[in-house]
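Descriptive structure summary
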Amino acid sequence: MARDTMTRSDSDEHTNIIGRIRDEVLRRRRFLLTSHARPDGDSIGSQVAMAFALDALGKAVRIVNADPPPEHYQDFPGVGRIEIASQATPEVDAVIVMECSDLGRTGVAGLEDQFLINIDHHAGNTHYGALNWHDVSAAACGEMVFDLIRALGVPLTQEIATHVYLAILTDTGSFHHSNITPRTFDICRETVEAGVNPAIMARRVFDSNSFGKLKLIGALLDSMELVDEGRLAVLRIDDAMLEACGCTNNDTEGIINLPLTAREIQAVVFFKVSPNGEVRVSMRSKYDVDVRFVATQFGGGGHKNAAGFTVDGRLEDVRADILQRLIAAIEHGLQTRPQ
Ligand code: AMP
Ligand code: MN
């Protein structure tokens, strides 16, 4: 199968790959959209915006994800149409995979032999598609979806704009991460002109906590460990803690960002221990502290300021190593920190 790939946001290449994706989309009729397992705001926003755009073109569209959307996104327009399945045997003409660095991360089996269009901004994307649009300069995959929707000639409805804004608002860590560019604000401006209300979006996305979650935040911050003279915060959660606060896994979303509100803290690592012993590790950082570099050393990935991986084996065996590498990343990052 012919492969066409773009890795830099160089404008000629950019225009070329968008044009090729546009042509393939326009000449095909039935689409399946997917993204990474445990979808976040960028996965949901990118997929649903794309689905609305394909609807507008009269295409047949399904969205299939391995896991349900986080609860506070459920009442956003179009989110209810997301189907949950770990296996898809689609009768479609193309699968558009958004915000997913390799096909396995979809958690959806059966897509390998389809005509795959890969649209992603994660460094380390494996270019698994027939068409690969890989732009690490995009602050959110939603920025790329916005460009494609424009190229398809679909008007920016309020629904599409809402999902593009959702993708950007969440993937920039509510405009905290260092991946924001003038283009980010150009796109946001257009979404606001199309009817998005930033105040309502911020409230719906970030201020939708249950009382249980507030309790959980208290418990987590209370048990937070500080290392490296307070520059690294370590959080740990297990099911007993969730249960004690009447919470589920979904309620942990966003909590990782709270320690970064302390001036001294440069990075946070959050260990999420499930009952079967699996440990997922999430990391966040400020400025040039590169937690993605740490994640790749343990088989994971992500972005400079937000990355993660799953521990292969027992946490106790690698915990000290993880902290050591994070401390090294902090040392390195502080040397180039903007003043
Ligand atoms: P999270 O901490 O789960 O919100 O993830 C932060 C960032 O790291 C997101 O961009 C994820 O896609 C990425 N990420 C998390 N876990 C993994 C993993 N196991 N492999 C690759 N990327 C990951
Ligand atoms: Mn993203």
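A brief look at the structure comes next. Per-chain numbering applies: the sequence of each chain, read as written, is numbered from 1 onward. Whichever chain is written first becomes A and whichever ligand is written first becomes 1, with later ones labelled in order. Side-chain atom pairs in this predicted model are given and counted only at pLDDT of 80 or more, local residue features only at pLDDT of at least 70, and totals for whole chains, interfaces and linings cover all residues. Excluded from the side-chain calculation are hydrogens and water; included are all heavy atoms of the structure.

**Describing the nonpolar core**
Throughout this description, the term nonpolar core refers to a set of buried Ala, Val, Leu, Ile, Met, Phe, Trp, Tyr and Cys residues connected via side-chain atoms within 4.5 Å. Only protein chains enter the accessibility calculation, which uses a 1.4 Å probe; a residue whose area is less than 20% of its type maximum is buried, one above 50% is exposed, and one in between is partly exposed. One finds Ile21, Leu33, Met50, Ile96, Ile117, Ile119 and Ile160 to be the most contacted residues of the largest nonpolar core, which totals 53 residues. Secondary structure elements are defined from DSSP: runs of H or I of at least 4 residues count as helices, runs of E of at least 2 residues count as strands, and each element is numbered from the N terminus. For this core, the leading source of residues is helix α2 (residues 41-56), giving eight residues. For this analysis, residues touch if any pair of their heavy atoms sits within 4.5 Å. Not counting chain neighbours up to four residues away, the residues in contact with Ile119 comprise Ile21, Ile96, Val97, Met98, Glu99, Trp133, Cys141, Met144 and Leu148. If you look at the next biggest cluster of nonpolar residues, it comprises 25 residues, including Val234, Val269, Val311 and Leu323.

**Remarks on the site of ligand 1**
Every residue close to ligand 1 is listed here: Arg105, His122, Ser282, Arg284, Gly300, Gly301, Gly302, His303, Ala306, Ala307, Gly308 and Phe309. Whenever two N or O atoms come within 3.5 Å, that pair is a polar contact, provided that in protein one can donate a hydrogen and the other can accept it, and provided that, for residues adjacent in sequence, both atoms are side-chain atoms. A distance of 3.1 Å is found between an oxygen atom of ligand 1 and a side-chain nitrogen or oxygen belonging to Arg105. Here an oxygen atom of ligand 1 sits 3.5 Å away from a polar atom, N or O, in the side chain of His303. Across the complex, the protein chains shield 81% of the 480 Å² of accessible surface that ligand 1 would expose by itself. Looking at the shell around ligand 1, the elements with two or more residues in it are β11 (279-285), β12 (301-303) and β13 (306-310). Counting residues per element, the shell around ligand 1 draws most heavily on β13, which supplies four residues. In this classification, the charged set is Asp, Glu, Lys and Arg, the nonpolar set is Ala, Val, Leu, Ile, Met, Phe, Trp, Tyr, Cys and Pro, and all remaining amino acids, among them Gly, are polar. When its residues are assigned to classes, the shell around ligand 1 shows three nonpolar, seven polar and two charged. Distances are taken per atom, and a residue is near a molecule or strand as soon as one of its heavy atoms is within 4 Å of it. In these tables, accessible area is a Shrake-Rupley quantity obtained with a 1.4 Å probe, and a residue counts as shielded only by the protein chains included in the view.

**What about the pairing of strand β9 (residues 232-237)?**
Buried residues dominate β9, accounting for five of its six residues. Strand pairing is assigned whenever DSSP detects at least two bridges linking the two strands. The pairing of strand β8 (residues 225-227) with β9 spans three bridges and is antiparallel. Within β9, the residue paired with Leu226 across the bridge is Ala233. What sits between β8 and β9 in their antiparallel hairpin is a turn of four residues, with Asp228 showing a positive phi close to 55°. Two elements, β9 and strand β10 (residues 267-273), share six bridges in a ladder whose sense is parallel. Within β10, the residue paired with Leu232 across the bridge is Ala267.

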